[in-house]
Amino acid sequence: AAAPGFRGLFHEPHRDVEFQVLELLEVDAFLNGYVGPIEGPTLEVFNQKFATLKIFKECWAEFEETLVPVEEHGKSFLYNTQRASVFINNELLIDKNVAVGVYQSVPSILTGLGLVGTFLAIIMGLSSLHPDTVTGQVGGIEGFIGSLGGKFISSLVGLSASVLFLVFEKIRFGEVERLSLSVQNRLDRLFPQQVVEKILFSIQKGIEEQANALRI
């Protein structure tokens, strides 16, 4: 039962990051098919698409709350009052959806296992030493010293695995960061940011136009 749990220590965080990369790729490709500013009725298409996603749907729900319709040339366009990076960024995506603590502990575990292997080999080698009753010296010490190089192989393997994991971690987390930045930029282009005062002015103007139309 211990083996699956130990394997899961490395597999689960890796799977979480891979899933996040795939989901961000899907979002990025979807947003690439639109040109901003987005009209109000199209928002439902976005909602339906992102509701099927496990991770991004929460980010989108928070971002959607900042969207405000503004009437322009007889059409309703959507603008945001806060940039997408507030709700969709590398830190939030990783901290909320990836076991960061497990990921950070893996290099130490690999190095520690290598050291344990080395010390076990040394202890086993020491157990082969024995006093020589004839000469009064310790027998087997030459063979023990000669095999010391091999006993440190496990430490070297553990350290190498730790370095490789760190490189892999930087690459995969860097991919999440690159994709989240791309999604941020696309959302900011599709839903341009406007200052609150300008949005309120546009809303007030629309209300006044409607009021004038009713008087007529």
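Enquirer: Would you take a moment to explain the overall build of the protein chain for this structure?
Expert: Within the protein chain, the regular secondary structure consists of nine helices and four strands. Reading the protein chain from its N end, one meets helices and strands in the order α-α-α-β-β-α-α-β-β-α-α-α-α. Within the protein chain, the fraction of its 216 residues that count as buried is 33%. Only carbon and sulfur atoms are counted for the fraction: they give 63% of the accessible area of the protein chain, which is about 13200 Å².

Enquirer: Just to check I follow, could you spell out the packing of aromatic side chains for this structure?
Expert: In this description, an aromatic ring pair is defined by two values, namely the gap between the centres and the angle between the planes. What the rule picks out here adds up to 14 aromatic pairs. Each ring, one from Phe50 and one from Phe56, has its centre 4.9 Å from the other, and the planes form 70°; the classification is edge-to-face. For the pair Phe50 and Phe56, a shared accessibility class is recorded, and that class is buried. Here the aromatic cluster, defined as three or more aromatic residues joined through ring pairs, consists of Phe30, Tyr34, Phe46, Phe50, Phe56, Trp60, Phe63, Phe87 and Phe191.

Enquirer: When you look at the confidence of the model for the protein chain in this model, what are you seeing that I'm missing?
Expert: Any segment with low pLDDT has predicted coordinates that should not be analysed in fine detail. Predicted confidence across the protein chain gives a mean pLDDT of 76, with 65% of residues reaching 70 or more. In the model of the protein chain, strand β4 (residues 138-139) stands out as the element of lowest mean pLDDT, 60, in contrast to helix α2 (residues 43-50), which has the highest, 92.

Enquirer: It is not clear to me how the packing of α2 against helix α3 (residues 56-64) should be interpreted in this structure. Could you clarify?
Expert: When two helices pack together, their arrangement is given by the angle between the helix axes and the distance between those axes. For the pair α2 and α3, interaxial distance at closest approach is 9 Å and the crossing angle is 150°. Looking at the two axes, α2 sits roughly antiparallel to α3. Contact with α2, carried on its side by Leu43, Phe46, Asn47 and Phe50, involves Phe56, Lys57, Trp60 and Glu64 of α3 and no other residues of that element. Classifying every residue of the contact of α2 with α3 gives five nonpolar, one polar and two charged.

Enquirer: Would you explain a nonpolar patch on the surface in this entry?
Expert: Residues Leu115, Val116, Phe119, Leu120 and Ile123 make up a contiguous nonpolar surface patch of about 490 Å² in total accessible area. Note on Val116: relative accessible area 46%, which makes it partly exposed.

Enquirer: What am I meant to see in the nonpolar core here?
Expert: As a rule of thumb, soluble globular proteins bury nonpolar side chains together. If you look at the biggest cluster of nonpolar residues, it comprises 29 residues, and the most contacted ones within it are Leu31, Phe46, Phe50, Phe56, Trp60, Leu187 and Phe191. Beyond its immediate sequence surroundings of up to four residues, Phe46 is in contact with Phe30, Leu31, Tyr34, Ile38, Trp60, Leu190 and Phe191.

Enquirer: Explain the environment of Ser154 here, please?
Expert: Tracing the chain through its elements places Ser154 in helix α8 (residues 153-190). Once the C-alpha coordinates of Ser154 and Leu115 are considered, the two residues, 39 residues apart in sequence, prove to be 6.9 Å apart. Each residue touching Ser154, except ones within four places of it in the same chain, is listed here: Gly114, Gly117 and Thr118.

Enquirer: Just checking my understanding: could you explain α2 for this structure?
Expert: Three or four residues apart is the spacing at which side chains of an α-helix point the same way, because the helix has 3.6 residues per turn. For α2, the full list of buried residues reads Leu43, Phe46, Asn47 and Phe50. Angularly, the buried residues of α2 cover 100° about the axis, an arc narrow enough to put them on a single face.

Enquirer: When you look at the pattern of salt bridges in this model, what are you seeing that I'm missing?
Expert: Pairs can form between side chains of opposite charge once their charged atoms are near each other. Throughout the structure, instances matching the rule amount to five salt bridges. When the shortest N-O distance is used, the salt bridge between Lys75 and Glu39 registers 3.9 Å. With Lys75 in strand β2 (residues 75-80) and Glu39 in the loop between α1 (2-31) and α2, this pair connects stretches of sequence that are 36 residues apart. Look at Lys75 and you get partly exposed, because its relative accessible area is 43%. Among the salt bridges present, the one from Arg178 reaches Glu175, with a minimum N-O distance of 2.9 Å. One end of the pair, Arg178, and the other, Glu175, are both in helix α8, three residues apart, so they sit about a helical turn from each other.

Enquirer: Please clarify how the pairing of β2 should be interpreted in this entry.
Expert: Consecutive residues of a regular strand have side chains that alternate between opposite faces of the sheet. Note: strand β1 (residues 67-72) against β2, six bridges, orientation antiparallel. Looking at β2, one finds that Pro69 is bridged to Leu78. Where β1 hands over to β2, the hairpin turn is made up of two residues, of which His73 adopts a positive phi near 55°.

Enquirer: Hey, could you run me through the side chain of Asn47 in this one?
Expert: Position of Asn47 among the secondary structure elements: in helix α2. Within polar-contact distance, the side chain of Asn47 engages the side chain of Trp60 at 2.8 Å. Of the polar contacts made by the side chain of Asn47, one reaches the side chain of Glu64; its length is 3.2 Å. Once residues lying within four places of it in the same chain are set aside, the contact partners of Asn47 are Trp60 and Glu64.

Thresholds, definitions, all that
- The residue numbering used here restarts from 1 in each chain and proceeds along that chain's sequence as written.
- It should be noted that, the model being predicted, local features are given only for residues of pLDDT at least 70 and side-chain atom pairs only at 80 or more, the latter also being counted only at that level, while totals for whole chains, interfaces and linings use all residues.
- The side-chain quantities take in all heavy atoms of the structure and omit both hydrogens and water.
- Each helix is a run of H or I in the DSSP string that is no shorter than four residues. Each strand is a run of E no shorter than two, and both are numbered from the N terminus.
- Accessibility here uses a 1.4 Å probe with only protein chains present; expressed as a share of the type maximum, an area under 20% marks a residue as buried, one over 50% as exposed, and anything in between as partly exposed.
- All accessibility values rest on the Shrake-Rupley procedure with a 1.4 Å probe; residue burial counts only the protein chains present in the view.
- To pair, rings of Phe, Tyr and Trp, with the six-membered ring standing in for Trp, must have centres within 6.5 Å; the planes then decide the type, stacked if under 30 degrees apart, edge-to-face if over 60, and tilted in the middle.
- pLDDT is a residue-level measure of predictor confidence that goes from 0 to 100.
- Geometry is summarised by axes, namely lines fitted to C-alpha atoms with helices restricted to the contacting stretch, and by angles between N-to-C directions that run from 0 to 180 degrees.
- An angle below 35 degrees is read as roughly parallel, one above 145 as roughly antiparallel, one from 65 to 115 as roughly perpendicular, and any other as oblique.
- Any pair of residues with heavy atoms lying within 4.5 Å of one another is described as a contacting pair.
- Any residue outside Ala, Val, Leu, Ile, Met, Phe, Trp, Tyr, Cys, Pro, Asp, Glu, Lys and Arg is labelled polar, Gly included; the first ten of those are nonpolar and the last four are charged.
- The patches reported here contain residues having more than 30% relative accessible area and no salt bridge. Joining distances are 9 Å for like charges and 5 Å for nonpolar side chains (Val, Leu, Ile, Met, Phe, Trp, Tyr).
- Take a side-chain nitrogen of Lys or Arg and a carboxyl oxygen of Asp or Glu: if they are within 4 Å of each other, that pair is a salt bridge.
- Here, nonpolar core means buried Ala, Val, Leu, Ile, Met, Phe, Trp, Tyr and Cys residues that are tied together by side-chain atoms lying within 4.5 Å of each other.
- The arc under discussion is defined with respect to the helix axis, by the directions toward the C-beta atoms.
- Two strands make a pair as long as DSSP finds a minimum of two bridges between them.
- Two N or O atoms count as a polar contact when they lie within 3.5 Å, although within protein this holds only if one can serve as hydrogen donor and the other as acceptor, and sequence-adjacent residues are included solely when both atoms are side-chain atoms.

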